[in-house]
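Residues per chain are reported as follows:
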Amino acid sequence: MPSKKIKIQIMSPNLLDNDYLVLGEQLIRQWKIPTHYPVQLAFGSFRHTVKVIPLARFDGVRISQELAGKMGVLPRSSLRLSYRPHSTTLQFGPLVGVLISRDYAGASDRPFGPITMFCRELVKACQRQGVYVYFFTPDHIGTSSKSLSGWVFGEAWKQITVPAADVFYNRLTTRKLENKPSVQHFMKEVKSSYGSHFFNEKFLDKTEVFDALGRDVSVSRYLPESHLFRGYSTLKMMCGKHPIVFLKPVKGSLGKGIIRISRLEGGAYQSMIALVGGTKKQVYPSLTKLYSAISPKMKTTRYQIQQGLVLIESDRRPVDFRALVQKNRSGAWNITSIVARTAGSQHFVSNLARGGSLSTVKDAVSRSSLPIGVKSRVSAKLRKAALDIARGVDAQIPAHFGELGIDLAVDHHGRIWLLEVNSKPSKNDNTPMGGSKIRPSVKQVIEYARYLSGF
């Protein structure tokens, strides 16, 4: 059904009854909305029966203050409206709920800490498209999934009661919060009771991703050899096959806890451990000695062991690539951006948190030692790999994702390799935004929400 962006006028008390709604005569005729018997008004999980009053030469919608309060709609909002004749339902929306890790109720200008700017940008993008968005944390989830307390932005940030949304966007930053029984129960409830969609619904771990993608022939060519680390025998087998291997925490992020192991001449081995301030190097006379030193770490954390790759370099520092892949207004995967990340001078991982720097793909590839003919094809190969991998994740992992951060590497022959897939790409306030500009990545989230909700 078509939808129309329409201004909401909230009437002063006693000017309009709670059970009536005023709509322009032209739209009523165009959509064949009945005025002689009641229709259902829907907004997320909210339902209310109203009678429609036509008004000539009027292009908005008028509702009572009480009805607006029950819907959680602020004055001067613009929402999309569509009419579903089969169920005689006037549907406002889409209503989008963004689940975030924490809020700071006392900090009225930055209630969400480092992601406040991102949330504000999301509000702007929603206002332009006639979408209504609110933000909530696991602590806002109550006993009923039908409504909850959420943050909305009008003149300023404020908390109000809002219905369960048509579409939920999971921006939780820890597995601990995501796995809380209240969060898991809420996700299940809103999907089954109200048909809500919940995307980016779970964290991915490295073993799950590599095992799943290994089953997909269209993607397996991008995968370095990778196994769940099971002790000395796994280490010996991998070091026997590859001159460099990496040990990565299965549930790690930001390069934390990564260990690089390389074989030296004469049978010795070197370990390099990524630390916040730099890299800790150690040489061991044998693999058994190295294993004895690192094995205590393995008792408390599950690790994935991965074939080491010789990456292209820029200014003698290793470079990898982060692709942001998002679903678009047609529900199809789309490349939003790909950037090159060059490791800091004291690091072997490229994360910005560890002194890495960003550049364009073109700039990083032009500085590398790849042959000219290979350089010209890298960008297209990275795009193809990112889309293949995103589709592979969709096909092989039973969960709903709307965006993925896909880390890729290019070796000295120009071959593309997958390093990691992240279902919660960072949204911290590290990208300064000017004025009313809205990044394509933010716009895409809203367009996908519209696709999911039928608006």
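The structure presented is a predicted model; accordingly, all values stated were derived computationally and were not measured. Residue numbers run consecutively from 1 along every chain, following the written order of its sequence. It should be noted that, the model being predicted, local features are given only for residues of pLDDT at least 70 and side-chain atom pairs only at 80 or more, the latter also being counted only at that level, while totals for whole chains, interfaces and linings use all residues. To obtain the side-chain values, all non-hydrogen atoms of the structure were included, while hydrogens and water were left out.

1. What about the overall build of the protein chain?
At step 1: Working definition: helices are DSSP H or I runs of at least four residues, strands are E runs of at least two. Numbering for both runs from the N terminus. Counting its regular elements, the protein chain contains 11 helices and 25 strands.
At step 2: Referenced to the eigenvectors of the C-alpha coordinate spread, the extents of the protein chain come out at roughly 90 × 50 × 40 Å.
At step 3: Note on classification: 1.4 Å probe, protein chains only; a residue is buried when its accessible area is under 20% of the maximum for its type, exposed when over 50%, partly exposed between these limits. For the protein chain, buried positions account for 55% of its 455 residues.
At step 4: Relative to all contacts within the protein chain whose residues are 6 or more apart in sequence, the contacts with residues 24 or more apart total 67%.
At step 5: Only four residue types enter the charge count, namely Lys and Arg as positive and Asp and Glu as negative; His and the chain termini do not. Charge placement uses NZ in Lys and CZ in Arg. For Asp and Glu, CG and CD serve respectively. Charge centroids of the protein chain, computed over 66 positive and 32 negative side chains, lie 3 Å from each other. In what follows, residue pairs with any heavy atoms lying within 4.5 Å of each other are defined as contacts.

2. Describing helix 11 (residues 440-453)
At step 1: An ideal rise of 1.5 Å per residue puts 20 Å on 14 residues; helix 11 measures up with 20 Å between its terminal C-alpha atoms.
At step 2: Of all the 14 residues making up helix 11, 10 are buried; the element is thus mostly covered by neighbouring parts of the structure.
At step 3: Turning to helix 11, its buried residues are Ser441, Val442, Gln444, Val445, Ile446, Glu447, Tyr448, Ala449, Leu452 and Ser453.
At step 4: Just past helix 11, the residue Gly454 takes up positive phi, approximately 80 degrees. Each helix should span, by expectation, one fewer than its residue count multiplied by 1.5 Å.

3. A short note on the confidence of the model for the protein chain
At step 1: Confidence scores per residue from the predictor, reported as pLDDT, run from 0 to 100. When the pLDDT values of the protein chain are averaged, the result is 91; 94% of them are 70 or greater.
At step 2: Long-range and interchain partners of residues 350-354, a stretch whose pLDDT sits below 50, account for 20 contacts in this model, where long-range means more than four residues apart.
At step 3: Note on residues 430-434: pLDDT is under 50 here. Beyond four places in sequence and across chains, it has 7 contacts.

4. What to know about the domain arrangement of the protein chain
At step 1: As used throughout, domain bounds are those supplied by an automatic or database domain assignment. Split by domain assignment, the protein chain resolves into domain 1 (4-93), domain 2 (95-199), domain 3 (225-307) and domain 4 (311-423).
At step 2: With centres defined by C-alpha atoms, the gap from domain 3 to domain 4 works out at 23 Å.

5. Section: the nonpolar core
At step 1: Put simply, a nonpolar core is a bunch of buried Ala, Val, Leu, Ile, Met, Phe, Trp, Tyr and Cys residues held in one set by side-chain atoms that sit within 4.5 Å of each other. Residues Leu21, Leu23 and Phe92 are the most contacted members of the largest nonpolar core, which totals 46 residues.
At step 2: With 4 residues, helix 5 (residues 181-194) is the single largest residue contributor to this core.
At step 3: Two domains each provide a minimum of three residues to this core, namely domain 1 (4-93) and domain 2 (95-199).
At step 4: Phe321, Ala390, Ile406 and Val421 belong to the second-largest nonpolar core, a separate cluster that totals 40 residues.

6. Quick word on the sheet that holds strand 1 (residues 4-11)
At step 1: Paired strands are those between which DSSP finds at least two bridges. The 7 strands are arranged 1-5-2-4-3-7-6 in a closed barrel whose pairing can be described as mixed. Going across the sheet, the axis of each strand differs from the next one's by a mean of 40 degrees, ignoring polarity.
At step 2: Looking at chain direction, strand 1 and strand 6 (residues 78-84) are connected through 4 bridges and run antiparallel. For Lys7, the partnering residue across the bridge sits in strand 6 and is Ser78. Axes, fitted as lines to C-alpha atoms, cover a helix only where it is in contact. Angles between the N-to-C directions of the axes lie from 0 to 180 degrees.

7. Things to note about the sheet that holds strand 18 (residues 278-284)
At step 1: Sheet architecture is open: 6 strands sit in the order 14-19-15-16-17-18, paired in antiparallel fashion. If you trace the sheet from one side to the other, it starts and ends with strand 14 (226-228) and strand 18, each paired once. Put simply, the sheet's adjacent strands are angled 20 degrees from each other on average, direction ignored.
At step 2: Pairing geometry for strand 16 (residues 259-263) and strand 17 (residues 269-275), over 5 bridges, is antiparallel. In the strand pairing of strand 17, Ser262 is matched with Gln270.
At step 3: In the packing of helix 7 (residues 232-241) onto the sheet, the strands contacted are strand 14, strand 15 (244-249), strand 16, strand 17 and strand 19 (303-307), and the crossing angle to strand 19 comes to about 15 degrees.

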